[in-house]
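# Commentary on secondary and tertiary structure
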Amino acid sequence: MTEQAMQTTEAAMSQNNGDALVQLNGLLDGAAQWTADNVNELRGLVQIFSRPGNEIPYRRICDAEAAVVMPVLKAIIESGIAEGTFNPVDAGLTAELMLSLSQGRREVLIEVFDLASATNLDAAVDALDRRLRSEGEICDRLLGLPVGSVALSNRTEYRRMLAGLVQ
């Protein structure tokens, strides 16, 4: 599923002829849209990783995702360095840290899915948005960008995804 998501996301990115920041934000936006569009396929994964004691399957999902996403993310960062858009300490390590932020969301996602399942969709969207805005600011710092440059938050797609997951 990650490879399918990346193919869709890369196709959307190729339509953006901007700098590396435009490409990165296109990648993030495309991933959020793909997730919201494919909630039926993701519902089973969410049920598996949200159960207590299922940290190992969650880790395997994260590792499979990282294997596909890491080369694309690293290439975008390297492109941004070459064009002067990004100023990270190291492209590979920065990509790794950015991915580790997403892989560290398990507890927040469990809370968000519990809120959405309890028909508190607004609170669920708020919690997810808070987390991803914070992650976005961390990514801004890692890449040497002004706060608000990395558009990791997408409330519209979060709402669509969460509503679809709890149907």
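Every value quoted in this text rests on a predicted model; they were computed, and no experiment measured them.

### Thoughts on the overall build of the protein chain
In terms of regular secondary structure, the protein chain is built from eight helices and zero strands. Across the protein chain, helices and strands are ordered from the amino to the carboxyl terminus as α-α-α-α-α-α-α-α. Expressed as a percentage of its 167 residues, the buried residues of the protein chain come to 43%. The long-range fraction of contacts in the protein chain, counting pairs at least 24 apart against all pairs at least 6 apart in sequence, stands at 70%.

### Points about helix H5 (residues 91–103)
Across its 13 residues, H5 extends 18 Å between first and last C-alpha, which sits within 8% of the 18 Å expected from 1.5 Å per residue. Looking only at H5, the buried set comprises Ala-91, Gly-92, Thr-94, Ala-95, Met-98, Leu-99, Leu-101, Ser-102 and Gln-103. In the core, the buried residues of H5 are packed alongside helix H2 (20–37), helix H4 (55–83), helix H6 (106–117) and helix H7 (121–143).

### What to know about the environment of Arg-51
With respect to the helices and strands, Arg-51 occurs in the loop between helix H3 (39–49) and H4. Owing to a relative accessible area of 47%, Arg-51 belongs among the partly exposed residues under this scheme. Spatially, the C-alpha atoms of Arg-51 and Ile-110 are 8.5 Å apart, while their sequence positions differ by 59 residues.

### Structural notes on the side chain of Arg-105
Mapped onto the elements of the fold, Arg-105 is located in the loop between H5 and H6. For Arg-105, a relative accessible area of 16% translates into the label buried.

### Examining the confidence of the model for the protein chain
With 90% of its residues at a pLDDT of 70 or more, the protein chain shows a mean pLDDT of 86. Looking across the protein chain, the model is least confident in helix H1 (residues 2–14), with a mean pLDDT of 60, and most confident in H7, with 96.

### A word on the packing of H4 against H5
For the pair H4 and H5, interaxial distance at closest approach is 8 Å and the crossing angle is 140 degrees. On the basis of their axis angle, the class for H4 and H5 is oblique. Once H4 is placed against H5, the crossing between them reads as right-handed. Across the contact of H4 with H5, the residue classes break down as twelve nonpolar, four polar and six charged.

### What about the pattern of salt bridges?
On inspection of all chains with the given rule, the structure shows twelve salt bridges. Arg-59 serves as the salt-bridge partner of Asp-63, at 2.9 Å between the closest nitrogen and oxygen. Remark: Arg-59 and Asp-63 occur in helix H4; sequence separation between them is four residues, near one turn of the helix. Relative accessible area serves as the criterion here: at 37%, Arg-59 is assigned to the partly exposed category. The salt bridge involving Arg-131 is made with Glu-135; its shortest N-O contact spans 2.6 Å. A residue pair is termed a helical-turn pair when its members lie 3 or 4 positions apart in one helix, as Arg-131 and Glu-135 do in helix H7 at four residues. Linked through salt bridges whose partners overlap, the residues forming this network are Asp-126, Asp-129, Arg-133 and Arg-155.

Rules used throughout
- Residues numbered from 1 in each chain as written.
- Predicted model: local features only at pLDDT ≥ 70, side-chain atom pairs only at ≥ 80, totals over all residues.
- Heavy atoms only, no water.
- Helix = DSSP H or I, 4+ residues; strand = E, 2+ residues; numbered from the N terminus.
- Buried < 20%, exposed > 50% of the residue type's maximum accessible area, 1.4 Å probe, protein only.
- Contact = heavy atoms within 4.5 Å.
- Expected span 1.5 Å × (residues − 1).
- pLDDT = per-residue confidence, 0-100.
- Axes fitted to C-alpha atoms, helices over the stretch in contact; angles between N-to-C directions.
- Parallel < 35°, antiparallel > 145°, perpendicular 65-115°, else oblique.
- Left-handed = near helix turned anticlockwise from the far one by under 90°.
- Nonpolar A, V, L, I, M, F, W, Y, C, P; charged D, E, K, R; others polar.
- Salt bridge = Lys/Arg side-chain N within 4 Å of Asp/Glu carboxyl O.

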